[in-house]
Each structure stands twice: as structure tokens, then as C-alpha cells.
Amino acid sequence: MDFGLSFYLAGAEIGLAAAALLLLLVTAWGGQRAARLVTIISVAALVGATAFTAAVMNNGAGLAQTEAFFGLYRLDTFAGFAKLLIYVSTIACLIVTPRYFERRGIYRGEYAVLMLFNAVGMGMMVSAVDLMTLYIGLELSSLSSYVLASFARNDMRSAEAGLKYFVLGALASGILLYGMSLVYGFTGNTSYAGIRAALTGELGTGALFGVVFVLAGLAFKVSAVPFHMWTPDVYEGAPTPVTTFFASAPKIAAVAVLARMTLYAFGEQLFGWQQIVVFAALASIVVGALGAIGQESLKRVLAYSSINNVGFLLIGLATGTPAGASAMLTYLVIYAAMTIGSFVALLMLTDDDGVPLSTFADIAGLAGTKPALAWCILLLMFSLAGIPPLFGFWAKFVVFQAAVQADLVALAAIGIAASVIGAFYYIKFVKVMFFDAPAGAEATRHVARSPAAHWAVLVIATLFISPLGFLLTPWLGAWSNQAAVSLFTLA
Amino acid sequence: MGGLPILSLMLLVPLIAGIACLLVDARPARLIALGATLINLLLGIVLWLNFDIGGAQWQFQEYAPLFAGFSWALGVDGIALMLIMLSVFLMPFCILASWEAIRTRVGEYMAAFLFMEALMIGVFAAQDIFLFYIFFEAGLIPMYLIIGVWGGDDRIYASYKFFLYTLLGSVLMLIAMLWMVNVAGTSSIPALMEYDFAPAAQTWLWLAFFASFAVKMPMWPVHTWLPDAHVQAPTAGSVILAGVLLKMGGYGFIRFSLPMFPEASAQFTWLILGLSMAAIVITSLIALVQHDMKKLIAYSSVAHMAIVTAGLFAFNVQGLEGAMVMMLSHGLVSGALFLCVGVIYDRLHTREIARYGGLAINMPAYALFFLLFTMASIGLPGTSGFVAEFLSLAGVYQVSSWAALVLTTGIILAAGYMLYLYARVAYGEQRNADAAAMRDLNAREWVLLAPIAAAVLWMGVYPESFLAPMRQDIAMLEARLARAAPAGDANLVMGAPRAQSANAMATLPGAEHAGEGAH
């Protein structure tokens, strides 16, 4: 065991943790005045972590050793891929945050520090190859998330969202922990490799319970049906920048954990978990699509949309093949861009007093008043609906291709047919913005000018999901494939 | 053509012009749109002139492996060439028809039409099955906006119906495509057209494609989106919908269903013939009782498309050629009829048939054009409709004389509803003072209608110009289908060819009567 190598592989987490602790001190003494500075330094730290991870990945082809700390931790291409995505999403979320809270006079440096700790936790989650590491990372990330959800302390709904998230999240963590204890009990091992080796052949009832509980706990974290109930409430109640974050980075981390858990630790028991994942996938697609119909609140609609998207992600996972995992990773990248883009667009929909336009009625006729914003939302919505030539289509395409290649034609057919239901509410955005007249001249609220940072994030996300994104497919496909293959490589 | 990627260029011109239209005011947007569509028409003519009839099956091929999983592969055969010509020919008229009718958000409107043009050309030129799907589906977005933003009173309902109906039809086709590519190992359309899928799998694949193309076509009973969409869409939207979008369904059948799944196609011949027969009788009767001009023409479109599907599934050269000519002819004629409706709609802002009457008195030139297109729609000899209907029905007759009999009633019914429409609009008393005060065609409207009228007569009098580029492709398709073609009930006996043509003048003065007896 070479400690130097271990520290090198865990460098991104160590650096981020050190930066977070340092910034905590800065906030403690600097107070609210230092908030902007802390945010900027946090973004810089995340950029550093991104660059570091990318550099390790670039050498990665020659990385003979990916295991660190006696098999507790691994930085393979898969972990690197997920981490880059997590860091970039977190950076995007941090960039759009300060303005929102500053208008309300409640911005504090702790926000950025919590995001950094969250990033550390998520990094550990995706690198974990041992149940212990996984749990520590998961809790670090979750606990920071609970606080973030209730960050707007004087807002009842934010506090409610935080409390709901905490209670239900703690329950899910409990279920997960219970499942882990069962798995440990029946395999005698906490390391993924050990579990994989022990879980061959017939799956015993006890171990099966363990697998089911672990999957249930993780399904909560990715908000897959039937563990999705918290999502609309928390997403709606939490401040919009926090919702943007919840819908992107932690979800990416949780999906990555779920993938490593099922494909690597439970890799020999495909038939044990495949039907669970298939059910969760189809149920998420259908519930995510039906639930959004009839919602008036834009944030709730997008919350259901994220449930819906998780369903498509799980179709990739359900195949249990490297192609499926690769498709899932491609989907994650595109999903991150779409979801961050659409939530940032919501964030930009505020009137002059800083009150958000939160319902469909509020954005009626937006195309007349704010054409650029309306066109961006139009592209994002059609992309979420998976209509070509937007890049969201490619995400669904690769997932269904993997499903068809794995002979899951029925799953693919049902999934894609259900996606049409989802299209109904995505095009409702377009209908409201483009077809409807504003509710009435006096009732129309003026949409405030948005800061450049918001526009930058929105435009980058929109360009990525525009047809131009297809030009990236060769690289995106190659990276996803590499990452997926590394997931299947036994150390 | 050297190395000039003419097809990519035809896609690029409207795309760039469309983006430009989004950024400028109404007036420059109109000019940019007109310019771009005219450039594309010019490029289309260049394409046609350089198309080597009887040469290679696929011409103007372009290939660039730009994407993972599929590639930028373009190319046309005669069938695709003719449909591209139809698209680029109709587009300038769409822009001109909207010149004065559209006053709000002109830039966005023109952009939507230009994007639409690029996507339509892409559909017909794509040589990669996934590229085809992308173009095919992407058309939903601009059309949804065109109907929803600039449509009539009930536009929201119509736009939703159009979008969801056609989307649901298409998604299963994607799964079928994924399966086919997985099995065949290639996504190239020419390669897939020669690949023999197992007959059992063909049934499912055929049904998945059928779901998509039947909705797009549209075939009875999944046609109900069409009247709604047509009535609510602005005039130019109806023209493009009837003129080109419906042809994507027929193109899909001829490019995918028939050559890729010949056995399944033969198996489902009766489904197609049955639906076509039902469609032609039912929708013709519905058309008879319409009060709304656009709705009447929309139902007549469904009836005409039924002749296309029947002709396609006749499995012989006449049927296929007839179906293709019908698609081209219907594209011109129904487009022109919608333009005719648009002309009087712009003046009186109603499509109610009863509000008009006696237009032949105050609008003689208009009445003349309207009559010509009415007759072409009925299929009067000398117009394109006659060639189309005659060939299709001759083809169907070889497969089933009963189907041909029922389908032929459609022509009689078509004469019924079209002439009834014409009589109520153009003849009789001038019932309303405002209708009587309408002025005749202005210069712009002349420019709109005259070229289409010329094309309709050209196709009616000398269809060879349009059939020649397609002849080789249709012959190849028939050869491919020959192994599965169902036996017909007509039992035609091929007569011995005459020494001379039937109307040859006898050279000897004494033999004049013998020559005439040979009729």
C-alpha cells in the first residue's frame, strides 16, 4: 500500500475538504460581507478539483493502480467521469446562486461551504468501493443537502422542505444502512469486490433482502418511483438555486452509486435486481409523466420531470451491460445540462421585486416580452421531451438502443410510448409562452433583467442541448464507453 | 456536379436564412425568406437537371461520419428527387401566400417555415435511417408552432392533437429501427433496403412503421388530426401540410415498409386495401356535407391519400407509379386549392362556403384558376389528377377488381363534393354584398396560382417528365417485391403487341377502313 498514491487518487476530495474548512473559518470571522468572496473562492476550488481530476484522468490510461486506502476507494474512469460532471454541475449552481439570496438579504458564506462539503461527499460516493466509504460520503452529502434545503430560514416553505427532506432522507438512510448490514451479514464483507465474490450462484433470502433494502435506500436518493414522494415538495419548497442543485449533482452521484452497486457489487446477481430496476424505471416514467399533468407550479412540473428522467436513466441500468451503463452516463451528461438549464431559466423568471414567476399563468405570453428567454426554454423543453433534433433525443436514443441490444424490446417499447405522455406537459410550456396571450395588461408582471451569470449558464446549457450537441457525440460516446468499461473491470 | 455537396447546401440555405429571420424585422424577414426559398428552388432545378436518368440508383451521395452511432449520409434516387422538387417548388408560394396575411411575429413565422423546408428536404435526402428519423420527427416542432401561434380560433387544441398524435405514431418506429440496425449491423438505408429480415420479425417491424406512416399519411381511422390541423393552420401552413408533410407517410411506405419488409407487406395488403376503401368512401361522404372550405379540402386529401396507399400496395409498376404521381399531383393541387381558399379568406376572413356565391361574376380570373384546380382534384383528363388516378386504379385492378371498383366510386364522389363546392362558391347568385365587392386577383396572387396551374397541366399532358426519373427505381422496387406479391384476381391476359400503333395512318389508300377497325 502506497500512501502517496492513495493521497494522489483522493486529491480532489482532500483539496476540496481543506478549502471548505478554511472557508468556514473565513465565514466565521468575515460574516456576511465575505459571502461573495467565499463563493468565488469555492468556485475556484471546484475548478481546481475539476482540473485535477481531468489531469488524473488524462494520465488515467496509464493508471496501473486505481485503488486507494486498502480497497476502500477507487478512482477509475467511471468515478472520474461522474466527478467531473458533479463538479461542473456544482460550479454552475454556485454561479447562479448569490443574486437570488442577496436580493432577499440572506446570503451567507456558509452556503458555498456547504456546497463544497456536499461536493466532497458526492466525490466519495462515486469513488466508494466499500460500504463504509459509501455511507460516510452519502451522509456527508445528505446532511449538507438538508441544511441547504432550509437555507432561506425566514421562509416557511423552505424550512418545511428542509424538515421533510431530513425526515424522509434519514428514513431512507436507515433503510440503506439496514440493507448494508444484511448484505454484510450474509457475505461477511463490506468491500464491493468481496460482496461480488460472495454473491455468486443462488441468491439466499437474507442476502436478497439486503439487496432489496440497499436498492430501496438508493432509489430514494435518486427519487425513483415508488420512493419519489418527497421530490415535488422538497423541490418546490427549497429556494430555486438549491433546487437546481438537487436536481443535478446529488442525483448524478446517487445514480453513479446505484450503478456501481448493482453492476459491480451485485454484478453476479443480474436477475436478482434487474426486475426491480425495470419496475422502478417504468413506474418512474409513467408517474413522472402523469404526475406533472395538472400541476400549475413550474417547479413541481420540473420535479416530476426529473422523476421521469430517472426512469429513462434506469432503463440504461436495467440492461446490466456495458453498453447500457455507457448509455446511462451519456444520458446523465445531457440530463445535467437540460435540468440545470431549465431551472436557471426558472430562476431568471422573476419580476422587478424579486418575486419569482412560479406558475404557468405567470409566464403566459412570455415569447412577446422576453423572446430570448422564451426561445431558450422552448429548446430546453423540447429537448427534455426527447424530440429530435435537440440533444435530449440523443440521450433517450442511446438508452433505448442499449435496451434493444440487450433484448429488452418490450421495456424499450413501453418506455418510449410512455414518453409521449411526458411530451404533453413539456409542450404545455411552449403553448403557454408562445400561444397564450398575457393574462391581462395590468396583471402582467414585468420580468426583471437577469444578471450576466444567469445568461451565461443558460446559454451554455442551451447550446449544449441544441443540435450542435450532436457533433459532440463521438467524444461523449467514447468517454462514456471507457467509463462504463472501467465499471465492469474487476480489480 | 464535381465535389459540390448540393444536398447539404439545400439544407444549409434555409437553415441559415431561418436563423437570420429570427433576428430581423418583418420586412427584411419576408425578403430573406423569399430569397432563400428561391435559391433553394434554383438549387433544386440544378439537382434535377444534373440527375442522370437511368444512371446509378443513388446520386449526389454525401457521407460524413460526424456522429457516434449514425452518420451524415445524404443521397437521392428518382423518387426522393421528385419529392424534393415538390417541396422546393411549393415553398416560395408558401412565403408569398403569407406576405400580407401574417402580420404578427413575422420573423419567427418565416423562420419556422424555413426550418420546415430544411427538415423536409432532409427527410427525402437522408440515407441513414436515424438521420431520417431525426428529420422526420423534428418537423413536429416548427409545425406545432405554426399551427399554435398563427392558427385560427381553435388552434391550441389542433396543435396539441397534431403533435401528440404524430409523436405517438412515430416513437414505436424508433424502437423498430433500433432493432433493425442491431440485427442488420448497418444504419444505411440502401443497405437495409436489400437486407432480408426474418418474415416473423417483419410483421412486427411492419406494424411499428405502419403506426407512424399511417398517422402521417393519414389513413382512416387515424386521420382525425388532419382536418383540425388544416382548418386551424394559416393558409401557408395548410399548403405545406397537405403538399409535403402528408407525402412523408407515402414516402415512408415506399422507402421502408415495401422494400424492407416485402413479406409482411404482402401479408397486410388487405389491411391497407380495406382501410383505403373505407377511407375513400367515408371521407368523401363527410366531405360532401362540410360547410367549411378548408375542412372539405382536408377530407378530400384523406380520400386522395387512400388512392396513394392502395396504389402502393398493388405491388406492380402501374400502382407504384400511380401512387407517386398521385403524391406529386395532390401536392400541387391541394396546395393550390388551399391557396385559392386563402385568396378569398384574406378578403372576407371566413371560410364558410355559404358566405360566398357568384364569384365568377366579380372574380373571373380567380374562378378560372379555382375551376382548373377543382377539375385536377377530380381527375379530369389533361390534368395531373387523371394520370395519377388512372395509373393507381389500373394497378389496383390487377390485385383486386373489387377494391378497384370501390376505389373508383371515390372519383365519382370526388366529382360530387368538388363540383358542389365550386358551384356554391363561384356560380349562382351573388348572395352577399361584401362577397360581391371583392376584387379579382392581384399581381401577387397571379404569381401564386399561375405556375402551379402550369405544373398541373404539364403533369397532366406529359407525365413522362416526372415518371422518367422514377422509372428505374420503381422497377427495382417491383423486382424486390416480386417474390412476395400476392396473386391478383384480375387474371389479365397480355395481348400480342401490334405491328403498328393503334392510330397509325395506313399508307395505302385502300386500307383506310382496315386501320380504323383495329381500335
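Quantities reported herein were computed from a predicted structural model and do not represent experimental measurements. Chains are numbered independently. Their residues run from 1 in the order of the written sequence. Chain A is the first chain written and ligand 1 is the first ligand written, with later ones labelled in order. In keeping with the model being predicted, local features are shown solely for residues with a pLDDT of at least 70 and side-chain atom pairs are shown and tallied solely at 80 or more, while totals for entire chains, interfaces and linings include all residues. In computing side-chain properties, one takes all heavy atoms of the structure into account and sets aside hydrogens as well as water.

### Topic: the overall build of chain A
Here is step 1 of the chain: Summing up its helical and strand segments, chain A has 21 helices and two strands in all.
Here is step 2 of the chain: Only the C-alpha atoms count toward the radius of gyration. The rule for a globule is 2.2 Å times the residue count to the power 0.38. In terms of overall dimensions, chain A is globule-like: its C-alpha atoms have a radius of gyration of 22 Å, near the 23 Å expected for 491 residues.
Here is step 3 of the chain: Out of the 491 residues in chain A, the part that is buried amounts to 63%.
Here is step 4 of the chain: Carbon and sulfur atoms form 68% of the exposed surface of chain A, whose accessible area is close to 16,700 Å². Secondary structure elements are defined from DSSP: runs of H or I of at least 4 residues count as helices, runs of E of at least 2 residues count as strands, and each element is numbered from the N terminus. Summary of the burial criterion: residues with accessible area below 20% of their type's maximum are buried, those above 50% are exposed, and those between are partly exposed, where the area comes from a 1.4 Å probe applied to protein chains only. The accessible surface values rely on the Shrake-Rupley method and a 1.4 Å probe; as for residues, cover is taken only from the protein chains in view.

### Points about the interface of chain B and chain A
Here is step 1 of the chain: In what follows, a contact means two residues having at least one pair of non-hydrogen atoms within 4.5 Å. Listed per partner, the contact involves 33 residues of chain B and 34 residues of chain A.
Here is step 2 of the chain: Just to be clear on terms, a salt bridge is a Lys or Arg side-chain nitrogen sitting within 4 Å of an Asp or Glu carboxyl oxygen. Here chain B and chain A share zero salt bridges between them.
Here is step 3 of the chain: In the analysis that follows, any N or O atom pair within 3.5 Å is treated as a polar contact, provided that within protein one partner can donate a hydrogen and the other can accept it, and provided that, for residues neighboring in sequence, both atoms belong to side chains. The interface formed by chain B and chain A includes five residue pairs in polar contact (both at pLDDT 80 or more).
Here is step 4 of the chain: Looking at the side of chain B that touches chain A, the elements with two or more residues in it are helix H5 (129–138), helix H6 (140–150) and helix H7 (155–184) of chain B.
Here is step 5 of the chain: Sort the elements by how many residues they give to the side of chain B that touches chain A and H7(B) lands first, with 15 residues.
Here is step 6 of the chain: Each residue gets one of three labels, nonpolar for Ala, Val, Leu, Ile, Met, Phe, Trp, Tyr, Cys and Pro, charged for Asp, Glu, Lys and Arg, and polar for the others, Gly among them. The residue makeup of the side of chain B that touches chain A, split by class, is 25 nonpolar, four polar and four charged.

### Re unusual backbone geometry
Here is step 1 of the chain: Along the chain, A:Val225 connects to A:Pro226 via a cis peptide bond; the corresponding omega equals 10 degrees.
Here is step 2 of the chain: Within the secondary structure, A:Pro226 sits in the loop between helix H9 (205–222) and helix H10 (230–237).
Here is step 3 of the chain: Going from B:Met217 to B:Pro218, the amide bond is cis rather than trans, its omega being -15 degrees.
Here is step 4 of the chain: With respect to the secondary-structure elements, B:Pro218 resides in the loop between helix H9 (199–216) and helix H10 (225–232).
Here is step 5 of the chain: For A:Phe70, which is not glycine, the phi torsion reads 55 degrees and is therefore positive.
Here is step 6 of the chain: Of note, A:Phe70 is situated in the loop between strand E1 (67–68) and strand E2 (73–74).
Here is step 7 of the chain: Here A:Ser223, not a glycine, exhibits a phi torsion of approximately 55 degrees, which is positive.
Here is step 8 of the chain: Structurally, the position occupied by A:Ser223 is in the loop between H9 and H10.

### Overview of the confidence of the model for chain B
Residues and elements named next belong to chain B.
Here is step 1 of the chain: In predicted models, pLDDT denotes the confidence assigned by the predictor to each residue on a 0 to 100 scale. Per-residue confidence for chain B averages 87 on the pLDDT scale, and 97% of its residues sit at or above 70.
Here is step 2 of the chain: Here residues 514–519 is modelled with pLDDT under 50, and outside its nearest four sequence neighbours on either side it reaches two contacts, counting other chains as well.
Here is step 3 of the chain: The ipTM, which scores confidence in the relative placement of chains, is 0.91 for this predicted complex, and the corresponding pTM is 0.91.

### With respect to helix H4 (residues 77–104) of chain A
Residues and elements named next belong to chain A.
Here is step 1 of the chain: Helix span, as expected, comes to 1.5 Å for every residue beyond the first. Between its first and last C-alpha, H4 extends 42 Å over 28 residues, near the 40 Å set by a 1.5 Å rise per residue.
Here is step 2 of the chain: One axis is fitted to the seven residues ending at the residue and one to the seven starting there. The bend at that residue is the angle between these axes. The sharpest bend along H4 measures roughly 35 degrees and falls at threonine 97, with the proline proline 98 sitting one to four residues further on.
Here is step 3 of the chain: H4 sits mainly inside the fold: 20 of its 28 residues count as buried.
Here is step 4 of the chain: Positive backbone phi, approximately 70 degrees, marks glycine 105, located one or two places after H4.

### Here we look at the pairing of strand E2 (residues 72–76) of chain B
Put simply, side chains in a regular strand alternate between the two faces of the sheet.
Residues and elements named next belong to chain B.
Here is step 1 of the chain: The element E2 is largely enclosed, with a buried count of four among its five residues.
Here is step 2 of the chain: In this analysis, strands are considered paired if DSSP registers two or more bridges between them. Pairing of strand E1 (residues 59–64) with E2, which is carried by four bridges, proceeds in the antiparallel orientation. In the strand pairing of E2, glutamate 62 is matched with leucine 74.

### As for a nonpolar patch on the surface
All names here are of chain B.
Here is step 1 of the chain: Together, Leu12, Leu15, Ile16, Ile19, Leu22, Leu23 and Val24 give the surface a local cluster of nonpolar side chains, amounting to about 620 Å² of exposed area.
Here is step 2 of the chain: Mapped onto the elements, valine 24 comes out in the loop between helix H1 (6–23) and helix H2 (26–50).
Here is step 3 of the chain: The class of valine 24 is partly exposed, set by a relative accessible area of 32%. Patch definition: residues above 30% relative accessible area lacking any salt bridge, with like charges linked at up to 9 Å and the nonpolar side chains Val, Leu, Ile, Met, Phe, Trp and Tyr linked at up to 5 Å.

### Focus on helix H13 (residues 269–288) of chain B
All names here are of chain B.
Here is step 1 of the chain: With 20 residues, H13 extends 28 Å between its outermost C-alpha atoms, agreeing within 8% with the 28 Å of an ideal straight helix rising 1.5 Å per residue.
Here is step 2 of the chain: Of the positions making up H13, those classed as buried are Thr269, Ile272, Leu273, Leu275, Ser276, Met277, Ala278, Ala279, Ile280, Thr283, Ser284 and Ala287.
Here is step 3 of the chain: If you follow the buried residues of H13, they end up packed against H9, helix H11 (235–260), helix H12 (262–267), helix H14 (293–312), helix H18 (384–399) and helix H19 (401–426).

### Considering the environment of B:Phe466
Here is step 1 of the chain: Inspection of the secondary structure puts B:Phe466 in helix H22 (residues 464–481).
Here is step 2 of the chain: If sequence neighbours within four positions are ignored, B:Phe466 has contacts with B:Trp48, B:Met82, B:Leu328, B:Trp458 and B:Met459.

### Considering the packing of H10(B) against H14(B)
All names here are of chain B.
Here is step 1 of the chain: The angle between two axes is taken between their N-to-C directions and runs from 0 to 180 degrees, where each axis is a line fitted to C-alpha atoms and a helix contributes only its stretch in contact. Packing of H10 against H14 brings their axes to within 9 Å, and their N-to-C directions diverge by 140 degrees. Of the possible angle classes, the one that applies to H10 and H14 is oblique. The element H10 and its partner H14 pack so that their crossing is right-handed. On H14, the residues that touch Leu226, Pro227, His230 and Val231 of H10 are Lys294, Lys295, Ala298, Tyr299, Ser301 and Val302. For classification purposes, angles smaller than 35 degrees are called roughly parallel, those larger than 145 roughly antiparallel, those between 65 and 115 roughly perpendicular, and all remaining angles oblique. In this scheme, a crossing is called left-handed if the near helix is turned counterclockwise away from the far one by less than a right angle; it is called right-handed if the turn is clockwise.

### Side note on the packing of aromatic side chains
We describe a pair of aromatic rings using the distance from one ring centre to the other and the angle between the two ring planes.
All names here are of chain A.
Here is step 1 of the chain: Under the pairing criterion, centres of Phe, Tyr and Trp rings, with the six-membered ring standing for Trp, must be within 6.5 Å; the plane angle then separates stacked pairs below 30 degrees from edge-to-face pairs above 60, leaving the rest tilted. Tallied over the entire structure, the rule returns 76 aromatic pairs over all chains.
Here is step 2 of the chain: Ring centres 5.1 Å apart and planes at 80 degrees place the aromatic pair tyrosine 111 and phenylalanine 151 in the edge-to-face group. Here tyrosine 111, found in helix H5 (residues 109–127), pairs with phenylalanine 151, found in the loop between helix H6 (131–149) and helix H7 (156–187); they are 40 residues apart in sequence, far enough to count as distant. Of the two residues examined, tyrosine 111 and phenylalanine 151, each falls in the buried class.
Here is step 3 of the chain: Taking 5.9 Å as the distance between ring centres and 80 degrees as the angle between the ring planes, the aromatic pair formed by phenylalanine 312 and phenylalanine 400 counts as edge-to-face. With a gap of 88 residues between them, phenylalanine 312 in helix H14 (residues 298–318) and phenylalanine 400 in helix H18 (residues 391–405) connect regions that are remote in the sequence.
Here is step 4 of the chain: Under the relative-accessibility criterion, phenylalanine 312 is labelled buried at 0%.
Here is step 5 of the chain: Between the NZ or CZ atom of lysine 396 and the centre of the ring of phenylalanine 312, over which it lies, the distance is 4.5 Å. Charges are assigned to positions over rings by a cutoff of 6 Å between ring centre and Lys NZ or Arg CZ, combined with an angular limit of 35 degrees from the ring normal.

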